[in-house]
Each structure stands twice: as structure tokens, then as C-alpha cells.
Amino acid sequence: MSDVKKIATRQAYGEALAELGEKYENLVVMDADLAASTKTSIFAKKFPDRFFDCGIAEGNMASMAAGLATTGKIVFISSFAMFATGRAYEQIRNSIGYPHLNVKIAASHGGISVGEDGATHQCLEDVSLMRNIPGMVVMVPSDYVEAKAAVQAAIDHNGPVYLRLGRSNVPVINDREDYKFEMGKGVVLKEGTDVTVIATGICVDSALRAEELLAADGINAQIVNMHTIKPLDEDLVVECAKKTGKIVTVEEHSVIGGLGSAVCDCICKKYPIPVMKVGVQDVFGTSAPCDELMRRFRLDGQGVYEQVKEFLGK
Amino acid sequence: MENLELQKLANKVRQGVIISTHAAKSGHPGGSLSAADIFTYLYFEEMNVDPSNPKDSDRDRFVLSKGHTAPGLYSTLALKGYFPFEDLTTLRQWGSYLQGHPDMKSTPGVDMSTGSLGQGISAAVGIALAARMDHKDYRVYTLLGDGETEEGQVWEAAMYAGFKKLDNLCVIVDNNNLQIDGNIENVCSPYPIDKKFEAFNFHVVKADAHDFDSLREAFEEARMTKGCPTAIICKSVKGKGVSFMEDQAGWHGVAPNDEQKEAALEELRKAGEALCQM
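Keep in mind the model is a prediction, meaning the values are calculated, not measured.

Remarks on the overall build of chain A
A count of helices and strands for chain A gives 13 helices and 14 strands. A compact globule built from 314 residues would reach a C-alpha radius of gyration of about 20 Å, and chain A, at 19 Å, matches this within 12%. Along the three orthogonal principal directions, the C-alpha set of chain A runs to about 60 × 40 × 40 Å. Counting over 314 residues, chain A shows a buried share of 62%. When the accessible surface of chain A is summed, it comes to about 11600 Å², and 49% of that surface belongs to carbon and sulfur atoms.

Below is the structure:
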């Protein structure tokens, strides 16, 4: 697998903005002194008149974006997930969410894959925070290809969107002819009958690796890429529940409030079956290289494989 | 418009504040009354707005950063013709388009949803940025409470507006010197407010919130000021116009009961009649 192309989803975001800036003259981008890291710098270089560096003031950025959106602009605001959704939560809720304004919160550095910066910069609550806001769409692309598609989808949707992006280079898994992105529609990457593994973001790759290991043990797992967490593809979740009888969710996020919770909300309402939530188990992250963190938090292929086996009692 | 006409309108704005908060049995009369003359001046003299075309992209914008004084704004919008004055009695009731705090989705004439202090000024800065980007010459006004300036976000917004030299932005501070917990000097003094705005590269003007000559002079100065935003610090009296509410922190967020409503309206009607005899 070492020859697989690896690119960070934030890179896709920056490139997509710069491309789409041509087509959408009302596209405006804001950042809070992290343009080099969130990759909005690519847009800034090309469209300096439509880029605002707001300085280190995320709350002000979110509310200013709301003001801009009242005049018909499509506004993307970026920072690290921790500060975009944590520091500016209430501004996003009240200035953007309540009036349902056309602002896209595209945050990089989501999850533990941030790596060495440690707990203060590893946001494990962003999906939970954004999912709580009525009318907010939440998308977590799994790779470079999907992140680009998600930026276009965010523009096509009139209303607030949260887009979670990552810092680290991750394998490109969607680079194929028939790839199609539809907001709110999960993707069955592999059919199976014993258990369904529903993953999001960079954990989709982990799920695919786990699937190979499970197959070697004679376990036939269905693998789903749930790139949109809200609105959740409930039809697909129920379909998986009926077909395999067991579901495992996998995310680089707290098990409280993220993909796992969204799936459980659906399952307990529509078709109750056992669900296991693989993710960060209500603890803070810590400093270490990305790969080691994914391994130690059991979110790499091996970790997911082991946890699915434990869940199945095998 | 003559000052006398503005005074008559402000008197009616105040009556609307009493009528609506009484009907709602809740709301914020104190700060609505202190800002009544400012609302009146903005909507009947200063701003280029048309109630028959509330979404006109060239209109001047107003963001009520101190969103809790919605009764004052609603009363003004009703008198201006955005919706019927009688509807003020639906304030804060189930199904009403007059929410407890301004909601741009439901109320004609409301340019931005506000209520959480400190956020409105940022939104106003965003709108002012948009005007500049679009080469439009509309102006953006935002009204803050003096207690509201205790919010750090106010100064993030001021820093950015000053830095960007947004001379199409006019920040107004309703300086009635009272917040819920008492005198602002005793709670967490934001003074000197004028020096703070100056430090953030604003042109600062002081005005008497209850004197239309003073307001006229201040807003004209703001309009003439180029190369930086203007902050108008308006010295005001909380509860202005209803003697038993004046300068009382207790009337920040309490509605008048039946008796108090009658007393307040009688006082305002008398003041209104006196204006008509001038």
C-alpha cells in the first residue's frame, strides 16, 4: 500500500476554492490567520479582492461572514476545527444558523490526525457541535477527490454547511471513473452480509483495510462511506441494519455526538439492532505523529479490524 | 423633517414600546425607550430605506446589535410602514413574526438577526465590507448598548472596521449607563468608551440621545467622515419619557403591568399632546 498517492483533504479544499472562484463571482473566503494551513491561501493569491484575513478573531469572522451573506455572497470561513467550531460556536449558531445564512464553515485540522500539536488542537467535538444546529449540513470527506466534490456540493446548497477537513496526507481512495458525490447519500464501497462498517472521513480508508483483514478470517463485511453526517442517509442505514443485523461506526471523532451517535439516533428509532461506536472514547488527544495516534487510538485498519472482531465475539 | 415632527414620532415609538411589552408581559422597555429617539432619527431622517421594498439591495442597513431592545425597533418599523402598528401587541406570542429578539427571516425591515450581544456589530462590519466590494454607496448603521461593549467581540469587530477604514460604517452606542446588574461603572466598567473606539481607529462623536439637533449634527459628521468608521457615543437616559422608568436598572427587562401601562401611556399621550400644541 506504500505506493498509494496521499494528499490532505485541506489541499483539495484550497484548490477547489481557487477553481470555483472563477465560476462564482460572489464567492468570498475568510480566514483567521491560518490561511497557509487551511489552504485558503491558494484562493487568496488568485482572488485577493475576495479574500479577507480576519486575524486571530474567529467569533468576529463568523459574524462578519453572516453579514456578508445577507448581501448575497457565498462565504467560506476557515480555521482549525477547534477554533472554528469551538471558539465561534455561538456565533455560528446565532449569526449563521438561526438566520440560515449562506455561510460554509470549512475547518481543517479535524480529529487526532493533527498529530504532534496535541490535545488543544485536535478537535474531537466539531461534528457533534455542528450537528446540533438546526439546518446545518455536516460533511466529512474521506480523501482529496471527495473533498473537492464536497466543496462544490456546499456551494450548490443554499444554507449553512460544515465541512471537516484534515491536516495529514491521506490515501486517495475515490480516484475512479464512476465516482459521483451526492450530498446526503452514503456510498456502499463493498457489499457484505455479516456486519456493516459505516465510516466517515479518513477512517473510510481504515475500514477498507479492516475489511481485507476480516475477509481473511472469513468475515464478510459491508463497507459504507458516510461522507454526509447530516442529513444522514437513513434509508441506507436501515437497509444495512436489515441486511447485516449489526453495525460498527468508525470516526476520528469523539464517540459522543458524531457519526456513531447519528447512526444510533436513526437505528433506535427505525430498526433497533446492536451498534458499536469506534472512535475516540471520551478522552482528549495527545501529542504524537499522526500514524502512531491512529494506531494507538485503534483507528487504523488493524485497530478497526480488532474492534469489529471483538464486537462480533470472534 | 422638523425636530418637532421627529419628537412626535419618537413619542409614538415610545407608546408602541409600552403597548407591546405590556401585551407580551415581558421584554425590554428600558433600553427601548433610551434608544427611541435614535431609532426615530435613523428611520425617519438618516437612512435611505423604503418600507415598500424592504429588500432593496441599495438600501442603507441597520443592525440592532443590542437585540433585546427589539420593541423599540419594531415600534419604529411599524410607524415607518413596514407592518401594521396593531401587530405590536403580538410581540413574543406564539406564531408572531415579532420575536423576542430580531429575526430577519420573519420580520420585514429587519436586516440581521441579533440578540446575542457583540455579534451584531460584527455582522454590520461584514455588510460594510460587502458594500465596498460591490462598489455600492449604501451605509451601515449598528446600535450597541454600553453594557454590550463589555463583550470582547465588539472590539474584535472594531479592530477590523478601523483597520479596513470602513467609512460606510456608523456605530452608535446607547450610553444609558445601566445594565441588568446595575450601573455599568459598578459591574465591569467599559469606560472610557470613546477613547477605546479612538484607539481602534474610529472617528468618535459624542451626542445627546434625546436632542435631535445633537443627533443631526453627529450623524452628519459621521457621513462627512472619510477614511475611517465613526462611533457616535449617545448619552441617554434609560426608560426616557416614562418618569417612573427613567434611570432605573430594574426596568431593563421587566414589562409594565396594567396600571403601569396606563400611567405610562397617559404620561406619553400628554407629552404628545403638548408637542401638537407647539
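What about empty space enclosed by the protein?
Residue and element names in this part refer to chain A. On inspection of all chains with the given rule, the structure shows three cavities of 30 Å³ or more. By volume, the largest cavity amounts to about 120 Å³. Lining the largest cavity are 16 residues; nearest its centre among them are V140, R164, G201, I202 and E252. Broken down by element, the residue count for the lining of the largest cavity peaks at three residues, all from strand β13 (residues 247–254). A class-by-class count of the residues in the lining of the largest cavity yields six nonpolar, seven polar and three charged.

Considerations on the packing of helix α5 (residues 119–133) of chain B against helix α6 (residues 152–163) of chain B
Residue and element names in this part refer to chain B. Between α5 and α6, the shortest axis-to-axis distance is 8 Å and the interhelical angle comes to 20 degrees. With respect to α6, the element α5 is oriented roughly parallel. The way α5 lies across α6 gives a crossing that is left-handed. Touching Q119, I121, S122, V125 and L129 of α5 are Q153, V154, A157, Y160 and A161, all from α6.

Observations concerning the nonpolar core
Core analysis: the biggest nonpolar cluster contains 120 residues, and M30 and I77 of chain A together with Y43, F62, L169 and F197 of chain B have the highest contact counts within it. With 10 residues, the top contributor of residues to this core is α5 of chain B. Two domains each donate at least three residues to this core, and these are domain 1 (6–171) and domain 2 (187–313) of chain A. Setting aside its immediate chain neighbours within four residues, F197 of chain B contacts W155, A158, V171, V173, F202, V204, A231 and I233 of chain B. Within the second largest apolar cluster, 33 residues are counted, among which are L17, V29, A147 and V151 of chain A.

Each value, and the rule that gives it
- Residues numbered from 1 in each chain as written.
- Chains lettered and ligands numbered in written order.
- Predicted model: local features only at pLDDT ≥ 70, side-chain atom pairs only at ≥ 80, totals over all residues.
- Heavy atoms only, no water.
- Helix = DSSP H or I, 4+ residues; strand = E, 2+ residues; numbered from the N terminus.
- Rg over C-alpha atoms; globule rule 2.2 N^0.38 Å.
- Buried < 20%, exposed > 50% of the residue type's maximum accessible area, 1.4 Å probe, protein only.
- Areas by Shrake-Rupley, 256 points an atom, 1.4 Å probe, with all protein chains shown as cover.
- 1 Å grid on protein atoms, 1.4 Å probe; cavity = no way out; pocket = protein on both sides within 12 Å on 5 of 7 lines; lining within 4 Å.
- Points joined across faces, edges and corners; volume = space filled by probe spheres on them.
- Nonpolar A, V, L, I, M, F, W, Y, C, P; charged D, E, K, R; others polar.
- Axes fitted to C-alpha atoms, helices over the stretch in contact; angles between N-to-C directions.
- Parallel < 35°, antiparallel > 145°, perpendicular 65-115°, else oblique.
- Left-handed = near helix turned anticlockwise from the far one by under 90°.
- Contact = heavy atoms within 4.5 Å.
- Core = buried A, V, L, I, M, F, W, Y, C linked by side-chain atoms within 4.5 Å.
- Domains from an automatic or database assignment.

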